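The lines below spell out each chain.
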Amino acid sequence: MRKVQFQPSSWVTVILVLQSLAVLLIFQNMVSFRFVRETKAVCIGGSPIIFNFGDSNSDTGGIMAGMGYPIPLPEGRVHFHRSTGRLCDGRLIIDFLCESLNTHYLSPYLEALGSNFSNGANFAICGSRTLPQMQAFALYIQTLQFLHFRSRSLYLATQGFTGLHEEQDFRHALYMIDIGQNDMDAALTESGGNFHQVLARIPPVIAEIKTAIKTLYENGARKFWVHNTSPMGCFPQKLAIPRNDDSDLDENGCLKTYNNGAKAFNSQLSTLIDALSMELKDATIVYVDVYSAKYELVANHSKYGFEKRYMACCGHGGPPYNYNHSITCMGAGFEVCEDGSKHISWDGVHYSEAANSVVASKLRTGEYSRPRINFEFFCKG
């Protein structure tokens, strides 16, 4: 076999090429992990106990455990590399918040096998609303489930069982609430364009959230973290609804009607939190402006490295939204993108892990909360 003789200039060329490839690989790795990176835990004295109430935005597997609905891959294909019951390709905002407090992900309250409730429990269920009150799994039902969990823990502790939460654990725990999106979605969908009807349906929803907070407070809760609702007018699901023209689109391409409904809900929720903060003076009740954090991400998506702000990764139909109301993600004939980190939306409604990571990092800073409290304030201490 003939040997190839390299001239000095050839060696220089090879070295330069290898250096260029190395730089390229490093850059590619930086891009791949820029948004979906491990959150640095900051709690040193101990991890807090967390109880969460909500809908699919924070459901870590409750719908699969409680109803038996199969949620297979590609749900969970990022990070977990398996189905976890989350409606996302990976982690949710609540997962990133748990990481930041150095605590493991919350187990669904209804998961019979393999659950770990040492750091709290997650009562959130996909599709949950506040009303009707007795509908599974409405906020009222989730609150009742918590009360049962609490009383059962305290009773078993008196019977000699160890490793259970005691009275002081419930008092020092963090109570997170993220619900109302499905109520507002129903109100806007069923209103027939009558915005006055939408506004009329908000006070009863706010009243249910108030009842839940006060019930938890009466049972020892003193730390609350309450999310407002998302800019639904930016969801591919809503944008894909046929329309006569684009007059309802705002400067960033979102539907004003849906976003105005969300803002009306958020305004009343904000007023409620202010009133409860005045009334329950020994409690810390934080109002978290998820709407603004998510809308800023949509408006400035390229700054965060996203290429597709209105196109679902998992769905059907292709550009501009890849959303078909008859063929949704996981439905017969659905399609899924190769790289979800380029998409803000995972399935037309729920955010991708990459987008959740960005939003969670925003919420942690305190910039979007009132009072302005860093999320690390809730480290156990």
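To keep things clear, this report deals only with the structure shown in the data block. The residue numbers shown here count from 1 along each chain, following its written sequence. Given that this is a predicted model, residues contribute local features only at a pLDDT of at least 70 and side-chain atom pairs are listed and counted only at 80 or more, while totals for whole chains, interfaces and linings are drawn from all residues. To obtain the side-chain values, all non-hydrogen atoms of the structure were included, while hydrogens and water were left out.

**Here we look at the packing of helix H11 (residues 290–299) against helix H12 (residues 353–364)**
Link 1 in the chain: Where helices are involved, their axes are fitted lines through C-alpha atoms of the stretch in contact, as for all axes, and angles between N-to-C directions lie from 0 to 180°. The helix count covers DSSP runs of H or I at least four residues long, the strand count covers runs of E at least two residues long, and both are numbered beginning at the N terminus. Relative to each other, H11 and H12 sit at 130°, their axes nearing to 10 Å. Comparing their axes, H12 and H11 come out oblique. Handedness of the crossing formed by H11 with H12: right-handed. Between H11 and H12, the residues in contact are Val290, Ala293, Lys294, Glu296 and Leu297 and Ala355, Val358, Val359, Lys362 and Leu363, respectively. Put simply, angles under 35 degrees are roughly parallel, angles over 145 are roughly antiparallel, angles from 65 to 115 are roughly perpendicular, and the rest are oblique. Take the far helix as your reference; a near helix turned counterclockwise from it by less than a right angle gives a left-handed crossing, and one turned clockwise gives a right-handed crossing. Contacts are residue-level and defined by heavy atoms, with any inter-residue pair within 4.5 Å sufficient.

**Points about the packing of aromatic side chains**
Link 1 in the chain: Aromatic rings from Phe, Tyr and Trp, with only the six-membered ring used for Trp, were paired whenever their centres fell within 6.5 Å, and each pair was classed as stacked if the ring planes differed by under 30 degrees, edge-to-face if by over 60, and tilted otherwise. Applying the stated criterion across every chain, the model contains 21 aromatic pairs.
Link 2 in the chain: Aromatic pair Phe51 and Phe149: ring centres 5.8 Å apart, planes at 70°, arrangement edge-to-face. In this pair, Phe51 sits in strand S1 (residues 50–54) while Phe149 sits in helix H4 (residues 139–158), placing the two residues 98 residues apart along the sequence. Taken as a pair, Phe51 and Phe149 share a single burial class, namely buried.
Link 3 in the chain: Each ring, one from Tyr291 and one from Tyr295, has its centre 6.1 Å from the other, and the planes form 5°; the classification is stacked. Of this pair, Tyr291 and Tyr295 both sit in helix H11, four residues apart, roughly one helical turn. With respect to burial, Tyr291 and Tyr295 carry one shared label: buried. Each residue is placed in one exposure class: buried if its accessible area under a 1.4 Å probe, protein chains only, is under 20% of its type's maximum, exposed if it is over 50%, and partly exposed if it falls in between.

**Regarding the state of the cysteines**
A covalent bond bridging the sulfur atoms of two cysteines is what the word disulfide describes.
Link 1 in the chain: For this text, the term disulfide refers to a pair of cysteine sulfurs within 2.5 Å. In total, this model carries three disulfides according to the counting rule given.
Link 2 in the chain: Bridging Cys234 to Cys254, the disulfide has an S-S length of 2.1 Å. Its S-S torsion of about 105° marks the bond between Cys234 and Cys254 as right-handed, since a negative value means left-handed. Here Cys254 lies in the loop between helix H9 (236–239) and helix H10 (256–279) and Cys234 lies in the loop between strand S4 (223–227) and H9, a separation of 20 residues in the sequence. You'll find Cys234 and Cys254 in the same group, each marked buried.
Link 3 in the chain: Residue Cys314 pairs covalently with Cys329 via a disulfide, S to S 2.0 Å. A torsion of 85° about the S-S bond marks the disulfide between Cys314 and Cys329 as right-handed. Of the two residues, Cys314 is situated in strand S6 (residues 314–315) and Cys329 in the loop between S6 and strand S7 (335–336); the sequence distance between them amounts to 15 residues.
Link 4 in the chain: Look at Cys329 and you get buried, because its relative accessible area is 12%.

**A look at the side chain of Glu353**
Link 1 in the chain: Residue position: Glu353 is located in helix H12.
Link 2 in the chain: Throughout this description, a polar contact denotes any pair of N or O atoms lying within 3.5 Å of each other; where both atoms belong to protein, one of them has to be capable of donating a hydrogen while the other can accept it, and for residues adjacent in sequence the pair is counted only when both atoms sit in side chains. One polar contact links the side chain of Glu353 to the main-chain amide nitrogen of Arg91, over a distance of 2.7 Å.

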